[in-house]
Amino acid sequence: MPFTGKLDGNIVVVGLQWGDEGKGKVVDLLARRAAWVARFQGGDNAGHTLVVQGRRTVLHLVPSGVLHPEVRAVIGNGVVVNPAVLVEEMDALAAAGVPTGPDRLLVSDRAHVILPVHRALDAAREEARGAAAIGTTRRGIGPTYEDKAARRGLRVGELVDPGRLREGLARALARREACGGAEASLDELLAWAEPLADRLRPHVRDTAAVLHRALDRGERILFEGAQGTFLDLDHGTWPYVTSSNTVAGAAAPGTGVGPRDLHLVVGVAKAYTTRVGAGPFPTELHGEAAERLRAWGHEYGATTGRPRRCGWFDVPLTRRAVRLNGADAVVLTKLDVLGHLDAIPVCTAHEPGPDGLPRPVFRELPGWRRDISEVRRYADLPDACRAYVERLEDWLGVPVAALSVGPGREQTIPRDEAFAPLLSAG
Ligand code: GDP
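All figures in this text were calculated on a predicted structure; none of them were measured in a lab.

Colleague: Is there a simple way to think about the overall build of the chain in this case?
Modeller: The helix and strand tally for the chain stands at 12 helices and 19 strands. For 426 residues, the compact-globule estimate of 2.2 N^0.38 gives 22 Å, and the chain sits close to it at 21 Å. Projecting the C-alpha coordinates of the chain onto the three principal axes gives extents of approximately 65 × 55 × 35 Å. Taking all 426 residues of the chain together, 56% fall into the buried category. Of the contacts formed within the chain by residues at least 6 apart in sequence, a portion of 73% connects residues at least 24 apart. A total accessible area of about 17,000 Å² is found for the chain, and carbon and sulfur atoms account for 51% of it. Computed over 53 positive and 53 negative side-chain charges, the separation of the two mean positions in the chain equals 2 Å.

Colleague: Teacher, can you tell me more about the site of the ligand here?
Modeller: As a structural note, the neighbourhood of the ligand is formed by 16 residues, with Lys23, Gly24, His48, Asp336 and Ser404 the closest of them. Here an oxygen atom of the ligand and a backbone polar atom of Glu21 are 3.1 Å apart. Residue Gly406 places a main-chain N or O atom 3.1 Å away from an oxygen atom belonging to the ligand. Here the ligand loses 90% of its free accessible area of 580 Å² to cover by the protein chains. At the level of elements, helix H1 (23-30) and strand S3 (48-52) are the ones that each hand at least two residues to the shell around the ligand. Residues that form the shell around the ligand fall into these classes: three nonpolar, seven polar and six charged.

Colleague: Which parts of the structure should I look at to understand the nonpolar core?
Modeller: Nonpolar side chains tend toward joint burial in soluble globular proteins. In this structure, Leu332, Leu335, Leu338 and Tyr388 are the most contacted members of the largest nonpolar core, which totals 63 residues. It is helix H11 (residues 383-396) that provides the largest number of residues to this core, a total of six residues. Dropping the residues within four chain positions of it, Leu335 is found in contact with Ala271, Trp368, Ile372, Cys385, Tyr388, Val389, Leu403, Ser404 and Val405. One finds Leu59, Leu86, Leu165 and Leu186 within the second-largest nonpolar core, a separate group that totals 36 residues.

Colleague: In this structure, what is going on with the pattern of salt bridges? I would like to understand it.
Modeller: Note that side chains of opposite charge can pair when their charged atoms are close. If you walk through the whole model with that rule in mind, you get 24 salt bridges. Where Arg125 meets Glu146, a salt bridge forms, and the shortest distance between an N and an O atom there is 2.7 Å. Taken together, the residues span a long stretch of sequence, with Arg125 in helix H3 (residues 116-129) and Glu146 in helix H4 (residues 141-149) at a distance of 21 residues. With relative accessibility at 33%, the residue Glu146 sits in the partly exposed group. Between Glu284 and Arg309 there is a salt bridge whose closest N-O contact spans 2.8 Å. Separated by 25 residues along the polypeptide, Glu284 in the loop between strand S12 (273-275) and helix H9 (287-297) and Arg309 in strand S13 (residues 309-311) bring together distant segments of the chain. Judged by relative accessible area, which is 18%, Arg309 ranks as buried. Three or more residues are tied together by salt bridges with common partners; here these are Asp20, Lys270, Glu299, Arg308 and Lys334.

Colleague: What should I look at first to understand the domain arrangement of the chain in this one?
Modeller: You'll often see interface size given as the accessible area lost when the parts meet. Its domain assignment divides the chain into domain 1 (11-106 + 206-423) and domain 2 (112-204). Computed from C-alpha coordinates alone, the two centres of domain 1 and domain 2 are separated by 29 Å. Counting residues at the interface gives 33 residues for domain 1 and 23 residues for domain 2. Between domain 1 and domain 2 lies a buried interface of about 2,300 Å² when both sides are counted; carbon and sulfur atoms form 59% of it.

Colleague: Explain the pairing of strand S15 (residues 329-333) here, please?
Modeller: Taken residue by residue, a regular strand's side chains alternate between the two faces of the sheet. The element S15 is largely enclosed, with a buried count of five among its five residues. Burial along S15 is two-sided: Ala329, Val331 and Thr333 facing one way and Val330 and Leu332 facing the other are all buried. Relative to S15, strand S11 (residues 264-270) runs parallel, the two being bridged by five bridges. The residue of S15 that forms the bridge with Val266 is Ala329. Note that S15 and strand S18 (residues 400-404) share three bridges and pair parallel. Across the sheet, the residue bridging to Leu332 is Leu403, located in S18.

About the criteria used
Residues numbered from 1 in each chain as written. Predicted model: local features only at pLDDT ≥ 70, side-chain atom pairs only at ≥ 80, totals over all residues. Heavy atoms only, no water. Helix = DSSP H or I, 4+ residues; strand = E, 2+ residues; numbered from the N terminus. Rg over C-alpha atoms; globule rule 2.2 N^0.38 Å. Buried < 20%, exposed > 50% of the residue type's maximum accessible area, 1.4 Å probe, protein only. Contact = heavy atoms within 4.5 Å. Areas by Shrake-Rupley, 256 points an atom, 1.4 Å probe, with all protein chains shown as cover. Lys, Arg positive; Asp, Glu negative; His and termini not counted. Charge placed at Lys NZ, Arg CZ, Asp CG, Glu CD. Near = heavy atom within 4 Å. Polar contact = N/O pair within 3.5 Å; in protein donor to acceptor, adjacent residues only side chain to side chain. Nonpolar A, V, L, I, M, F, W, Y, C, P; charged D, E, K, R; others polar. Core = buried A, V, L, I, M, F, W, Y, C linked by side-chain atoms within 4.5 Å. Salt bridge = Lys/Arg side-chain N within 4 Å of Asp/Glu carboxyl O. Domains from an automatic or database assignment. Buried area = accessible area lost by both parts, 1.4 Å probe. Pairing = 2+ DSSP bridges.

Spelled out as structure tokens, the structure:
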């Protein structure tokens, strides 16, 4: 299927499943052609794993594009920011030789601040839910978005304004106490916040205006999604979802650009499916079959270390994700992981099961039983592997623009020559 998307504009990268699709690597590759990389939702619950020159870097909050020296990073207004985590990540990056000064990393003054009380509340709630837990990462993301919607949260602009910090913290604390959630005093909170505010102050801007000026100069922006489509607050498997919109359209309100400034949407999907935490997962495997896929794919969370639930590729679900995001192209990741199988089941339809829940209908495609992690050209892939990709592409109705066959930058195969320039250096 030919790829016809606009390659020389602003790109949004999103996950088409439940997160962990390998967006970090795709963002890292595409960031080479961008002047800016911006995050638009979520917080430090994201866990992008990048392997660059054999070195593994995990970023939770700072956009992964920051590893490119010529790219400037923005943490947009739609993100919730734990200032302690941000400072820690800036220090870790600096130690690894990646500069993170105010010329390279900006934080929106409108982003909301994750306070220690938010984390405590998140953890306490998950404990209280017991077996019915949502499976949140307990980073305080949900309670912080709640306070944003309730108009009592603390924004980054207030955090770094010495004249407004005490009042802002007192407000956040008072409302928390009213619902029995606060355990820290105002003075303790101030002692925590002040040094962090001093560190972050030079980075804080009206980032929407910064991006508007960048667009006026014709500079390209890459919007970096976190989590995945079916964790979207509206379109995901509610209530087992995250507390923000994860779909591509959210890049506009989450950074302050207009919808017409989003020119190309790249959806990232694994060649099979995984999910962390509770909630529906129609193609899930259990027992030994799940164990094997988990071991082959190293399916353990980058943020929490939790084993991921594993299952087969779900065509109807991913096709819906393509529509929800308006994806122009798909990057299919972890294709190498399927190289151990004689036959690969793919879910091609859902039918109503006896319990009223959707039951997947599987079709088996031939496996290729070969290590493809060293293959660099589409034509050099085994026939069965190309057939697998092309079947998925037909069923999804959108071009598969590239394949990923390993965690490294170089382990990426352009499927479509039109897409190749985006992935190549220079
Ligand atoms: P994200 O949250 O979508 O950015 O996903 P992660 O960064 O957690 O990526 C999932 C994991 O898969 C990371 O450990 C990556 O290094 C790894 N990974 C990414 N692409 C591939 C691939 O094509 N093959 C293999 N085997 N691993 C990959």
